[in-house]
Every structure is written in C-alpha cells, then in structure tokens.
Amino acid sequence: MNKIENDDFFDINKKAIEKEINVGMDILASIYNLKEVDSGKFAHLTIQNIAYNIKQYEIVGVGNLLVMDSKDSTSLQMVSFVITPYYKNLPLFSTDYLYIHQKRNFLIEYYDLVKEKDQLYTSYMDRFRTIKDKHTSLPDMELKKCWYDSMRSVCTAKNTSALQDEEIFAMFTENLKLFIEMEQAYGPLSENDIQAKWRITQDYIDGLVDTGGVSTDVFKAVLGPEKTKDFFNKVFFGTTEFK
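Worth saying up front: this structure is predicted, and the values here are computed from it rather than measured.

J.: Sorry if this is basic, but what is going on with the environment of Phe 10 here?
T.: With respect to the element layout, Phe 10 can be found in helix H1 (residues 3-29). On the accessibility criterion, Phe 10 (21% relative accessible area) is partly exposed. In this structure the C-alpha to C-alpha distance between Phe 10 and Lys 71, which are 61 residues apart in sequence, comes to 8.4 Å. Among residues more than four places away in sequence, those in contact with Phe 10 are Lys 71, Asp 72, Ser 73, Thr 74 and Gln 77.

J.: Before we go on, may I ask you to explain helix H5 (residues 214-223) in this structure?
T.: What sets the pattern is the α-helix's 3.6 residues per turn: residues three or four places apart point alike. Thr 216, Phe 219 and Leu 223 are the residues of H5 that are buried. Buried residues of H5, seen end-on, are gathered within an arc of 60° and therefore sit on one face of the element. Looking at the buried residues of H5, the elements they touch are strand E2 (44-47), strand E4 (63-69), helix H4 (191-211) and helix H6 (225-236). Two residues or fewer after H5 comes Gly 224, characterised by a positive phi angle close to 90°.

J.: Which parts of the structure should I look at to understand the packing of aromatic side chains?
T.: Pairs of aromatic rings are described using the distance from one ring centre to the other and the angle between the two planes. For the coordinates displayed, the defined rule picks out 22 aromatic pairs. Consider the rings of Tyr 97 and Phe 106, whose centres lie 4.8 Å apart with planes at 25°: the pair is stacked. In this structure Tyr 97 comes out as buried when scored by relative accessible area, which is 1%. With 6.3 Å between their ring centres and 80° between their planes, Tyr 97 and Phe 172 make a pair best called edge-to-face. Of the two residues, Tyr 97 is situated in strand E6 (residues 92-100) and Phe 172 in helix H3 (residues 165-185); the sequence distance between them amounts to 75 residues. In this structure Phe 172 comes out as buried when scored by relative accessible area, which is 0%.

Thresholds applied
- Residues numbered from 1 in each chain as written.
- Predicted model: local features only at pLDDT ≥ 70, side-chain atom pairs only at ≥ 80, totals over all residues.
- Heavy atoms only, no water.
- Helix = DSSP H or I, 4+ residues; strand = E, 2+ residues; numbered from the N terminus.
- Buried < 20%, exposed > 50% of the residue type's maximum accessible area, 1.4 Å probe, protein only.
- Contact = heavy atoms within 4.5 Å.
- Arc of directions from axis to C-beta.
- Phe/Tyr/Trp six-rings, centres within 6.5 Å; stacked < 30°, edge-to-face > 60°.

See the structure below:
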C-alpha cells in the first residue's frame, strides 16, 4: 500500500473508533447514570511510542468503565471498552478493537469474576456464544494460552479487514446490549457477596500483574510491575475506586 492509501485508512479507522466510543457511551447513558472519574496521571500514557487517551467512568449501580484509545496514532489505532461490574453477579466485559491500516484484530471477552455461575448466568453465556457463532465466517485470530483461559467463558477473537467494519461494529453493539440486558435481569448482591466479588476481581488483577498476560506484559515492560498494578487498580478495573 502506498502512503496516500494509508492516510485514507487513518481517517477511516479514527472515525470507526470514535463511532464505537460515542455509540457505546450513548447506549450506556440511555440506561445508566455515568459519572466521569479523574484518571489523574493515567489520563495519557505512551506505550511503545503509541499515545493512548484514557477515560474512566462510574456506571452508577454497576461498576467501572474504562475507555482507552490510540485513535491519533499513525501505526496502531485501537480502542478498549471494558466494564468491570461490582454489585451484581456479572462477568467482566472486555472489548479490544485494533486497526492497522486496512487490517483489524478484535477481541470480545467475558471473564467469570463471580462467586457462582447460576442458571441465569450460564443462560446468558450461551446467548453470548450464539452471537459469536453467527459470525463463524470471519477468520479467527490465534491466541496464546494463558493462565486465565479457564475464567473466560466466551471469547471472540477475529482477524478481519475494513470490508467487515459494519459487521464487527454490530457485534460490539449486540454484545453490549445483551450485557445490559443481563445486568437488568439480576438483582443486587448482598453486602457479603459484593465483598467476595471485589476480592475475586482483585485476585484476577493481581494475577495479571504477577503471573502475566499478553497485553499486561506490554504495560509491565514500559511502566514496571508496581505502576502497572497502580494503573489497573485505580483506573483500568477500578478496584481502588469501588473498594
């Protein structure tokens, strides 16, 4: 590809990222009260010469929302949209969409950071798998095996191109809307179970930093383990905010 074509994709990718952020926020704001949290020193990070913009929100009654993007990068443009719930029997909902010129890699993941996977929980996991199964024509992205794989009930990992942008955006919104439906279907946890869920979430974060993970290792290489843990606790997952 020549430079002009790459420049064209820079604008296309930036608009795709802005669309995902704006639509995702609008969907949440139509149901919940969103309160922006000051990300402090983590509002902007540079990782491997890529500048990231980071915003954190409290989804009142649900938990932490992390929105992280590098839409202005000329090499890797990406957006992460991560919801860490604290008050109901819900999984961690994580999406990462990466744009490299005309190529796209994306992940939609559900992590079982819960004390119990009851019948309602498993029924929604089946419905998330149904969304995944509707898109088997999209090429799969190979993932490295990690210690947390057993905690990941549903994982969609795909390699696509700009030709599939409409389809992969629809997957994001469909998953987010179903996650909201799941949240609405559950009643609040007891105080003891809220504390237990917080501990499960904190143990998962500690495991990411101490044992490692694909993206966590990139953060650790640049920030170091302690600053990475500080970022994860305060902003990315918000355990400090929701303790």
